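Descriptive analysis of the structure
The primary structure of each chain is shown beneath.
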Amino acid sequence: MGAVDQATTGGYLERYDQALAEDPISAFGLVREWMRTDWRSLFAELRERRPVFVTPGFTVVTRFADVAEVLAHEQVFSVRAFGPRLDAALGAPFMLGRDATPMNWREKGLMQLMLAPEDAAGVRELTGGLADELLDAARPDGRLEAVEGLFRPVALGVCARYFGIPGPDPRTLGRWTRAIVADGFANFLGDPELQAASAKAGAELVAHLREQLAEHRATLLAGRDLPDDVFARLVRTSLPAGAAVSDDRILINMAGLPLGFVESAPGAMAEAVEQLLLRPRVLAEATAVAGDPERFDPYVWEALRFSPFFKLLPRLCERDHVLAAGTPRSTVIPAGTFVLAAPASAMFDAAVVQEPDEFRLDRPRHHQLFFGSGHHACLGVHVAGVVIAETVRRLLLRPGVRLLPPPEGQVERSLGIFPDTFVLGLGTGTREG
Ligand code: HEM
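Residues numbered from 1 in each chain as written. Predicted model: local features only at pLDDT ≥ 70, side-chain atom pairs only at ≥ 80, totals over all residues. Heavy atoms only, no water.

Our focus in this paragraph is the overall build of the chain. Counting secondary structure elements, the chain contains 17 helices and 12 strands. Here the C-alpha radius of gyration of the chain, 22 Å, is about what a compact globule of 433 residues would show, namely 22 Å. With respect to the three principal axes, the spread of C-alpha positions in the chain is 70 × 55 × 40 Å. Expressed as a percentage of the 433 residues in the chain, the buried residues total 56%. Within the chain, contacts between residues at least 6 apart in sequence are counted, and of these 72% link residues at least 24 apart. (Helix = DSSP H or I, 4+ residues; strand = E, 2+ residues; numbered from the N terminus. Rg over C-alpha atoms; globule rule 2.2 N^0.38 Å. Buried < 20%, exposed > 50% of the residue type's maximum accessible area, 1.4 Å probe, protein only. Contact = heavy atoms within 4.5 Å.)

Pasting the structure below:
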């Protein structure tokens, strides 16, 4: 993972087919391992030779049009692949765990209203201030552990100040989101102990938010004002109590904000920074324009295309469906199939994306799938977009940011997904711009 090299080594399908004939479990293990370490060349071979890759355990969808088709048909390809685990963690349904219910319609609309796109400029400023403070405090020894030293504290700081969710303290909030998202929700091996820890963390998060809600209510009823954050907006919307949005629904939707954000934003920052630092020429161009967010941000999004944080989006096929009907790759997906739609592959599909192996800044927005697509498209896209891009920008405004040779400079990831450490080289001078 992480190499710039685009060469397709190939031969995955031969090895897979042979392993399948001998021992299906080992074939399954091979594919899982390749998805973690060799995903770019594995997907290149699949797009070319078996774009709808049917295995006994799951089906991987690799072409752009087919990934879009899966994500557009939420009643056929449902989030029941993980929804029940999300419900279990929160103790109640949440939009990302259900498809096309009245709750999805109502609450996504409500939360879109709360997360106003017009907030982006203020959130960018907030992010920039948080990032600079952390970078100023970075030890002047030419090293920065960027996950705990920058990416997560920025995300937790935005959570505190913009969402209005500081948690009991940032460490506890970060522990809850990690337990719920990484150990519970994304842990497809379903370790029961981790599932229990995830449910416990979910209960603690919701109980904490319940206390905060009571305090907010009391403040408003006493005629005092609340700060202008998302939590306060939602509480004001629901006055008088019980009118439009019940307390339980406020709590679940507020809990969804740190869960959607605190793990994925640092993940995307780590991927984007790594991809930029791997390309010296691109990096030099990006740093040259880092004084101007409008010119700088496209570098971040193109870097993320080369390694999106969510490489696979899992779905459960609810009824038999002909995927890619009318094309040579048309495939019947039987009900009950566990489907993995692969945005990481789709964004390299030459049938849609021009010169996919080139680092280009002129990609149309609709070719970028890092925030999902269709019914479950990311609720936090406007906020997350500025937080990710501004954090990377503030980092690269510092002199001498560079990858360190492995093993020290390697991004260490839980489950191969969630970054734990990423030690960067950093100049010791002051900021340039
Ligand atoms: C402000 C920060 C964020 C919030 C509040 C947030 C929240 C959410 C929510 C609630 C959903 C589900 C929407 C639905 O079911 O209708 C969602 C989906 C999604 N989000 Fe975010 N998110 C945030 C940041 C991010 C980041 C940083 C990434 C990655 C770069 C990301 C990627 C996605 C993706 C790929 C989906 C679709 C999941 C699927 O289809 O299975 N989000 N987000």
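From this point, the discussion proceeds with the structure in view.
To continue, consider the coordination of the iron atom of the ligand. No protein donor other than Cys378 (SG) coordinates the iron atom of the ligand, and that contact is at 2.3 Å. Here Cys378 is to be found in the loop between helix H16 (343-346) and helix H17 (381-396). (Donors = N, O, S within 2.8 Å, 3.2 Å for Na, K, Ca; no water.)

This paragraph deals with the sheet that holds strand E3 (residues 77-78). Strand order across the open sheet formed by five strands is E1-E2-E8-E5-E3, with mixed pairing between neighbours. Of all the strands in the sheet, just strand E1 (52-54) and E3 have a single pairing partner and so form its edges. Where strand E2 (residues 59-61) and strand E8 (residues 338-341) come together, three bridges link them in parallel fashion. Across the sheet, Val60 pairs through a bridge with Leu340, a residue of E8. (Pairing = 2+ DSSP bridges.)

With that settled, consider the site of the ligand. Taken together, 27 residues are adjacent to the ligand, and Lys108, Phe261, Arg315, His376 and Cys378 come closest. Within the side chain of Lys108, an N or O atom sits 2.8 Å from an oxygen atom of the ligand. A distance of 2.6 Å separates an oxygen atom of the ligand from a polar side-chain atom of His376. For the shell around the ligand, the elements supplying multiple residues, two or more each, are helix H12 (247-261), helix H13 (264-277), strand E5 (313-317) and H17. When grouped by side-chain class, the residues that make up the shell around the ligand number 19 nonpolar, six polar and two charged. (Near = heavy atom within 4 Å. Polar contact = N/O pair within 3.5 Å; in protein donor to acceptor, adjacent residues only side chain to side chain. Nonpolar A, V, L, I, M, F, W, Y, C, P; charged D, E, K, R; others polar.)

Let's shift gears to the packing of aromatic side chains. The full count for this structure, using the stated rule, is 14 aromatic pairs. Pairing Tyr12 with Trp34 gives two aromatic rings, centres 4.9 Å apart and planes at 70°, and the pair type is edge-to-face. In this pair, Tyr12 sits in helix H1 (residues 12-22) while Trp34 sits in helix H2 (residues 24-37), placing the two residues 22 residues apart along the sequence. Assessed through its relative accessible area of 6%, Trp34 is described here as buried. By way of ring pairs, the aromatic residues Tyr299, Phe306, Phe348 and Phe359 are connected into one cluster. The cationic tip of Arg279 hangs over the ring face of Phe306; the distance from NZ or CZ to the ring centre is 4.3 Å. (Phe/Tyr/Trp six-rings, centres within 6.5 Å; stacked < 30°, edge-to-face > 60°. Lys NZ or Arg CZ within 6 Å of the ring centre and 35° of its normal.)

Mapped onto the elements of the fold, Thr177 is located in helix H9 (residues 170-185). Sequence-distant contacts of Thr177, that is, excluding residues within four places in its chain, are made with Arg152, Ala182, Pro258, Leu259, Val262 and Glu263.

One can describe the packing of H13 onto helix H15 (residues 293-306) by two numbers: an axis separation of 8 Å at closest approach and a directional angle of 95°. By the criterion of interaxial angle, the relationship of H13 to H15 is roughly perpendicular. Judged by residue contacts, Ala268, Glu271, Ala272, Gln275 and Leu276 of H13 engage Tyr299, Val300, Ala303, Leu304 and Phe306 from H15. Across the contact of H13 with H15, the residue classes tally to eight nonpolar, one polar and one charged. (Axes fitted to C-alpha atoms, helices over the stretch in contact; angles between N-to-C directions. Parallel < 35°, antiparallel > 145°, perpendicular 65-115°, else oblique.)

Looking at chain direction, strand E10 (residues 412-414) and strand E11 (residues 418-421) are connected through three bridges and run antiparallel. What sits directly across from Arg413, in E11, is Pro419. Count of turn residues in the E10/E11 antiparallel hairpin: three residues, of which Leu415 carries a positive phi of about 55°.

Attention now goes to the pattern of salt bridges. The final tally for this structure, using the stated rule, is 34 salt bridges. Across the pair Arg49 and Glu14 runs a salt bridge whose closest N-O atoms are separated by 3.3 Å. Of the two residues, Arg49 sits in helix H3 (residues 39-49) while Glu14 sits in helix H1, which places them 35 residues apart along the sequence. Overall, Glu14 belongs to the partly exposed group, its relative accessible area being 46%. Arg36 serves as the salt-bridge partner of Glu33, at 3.8 Å between the closest nitrogen and oxygen. (Salt bridge = Lys/Arg side-chain N within 4 Å of Asp/Glu carboxyl O.)

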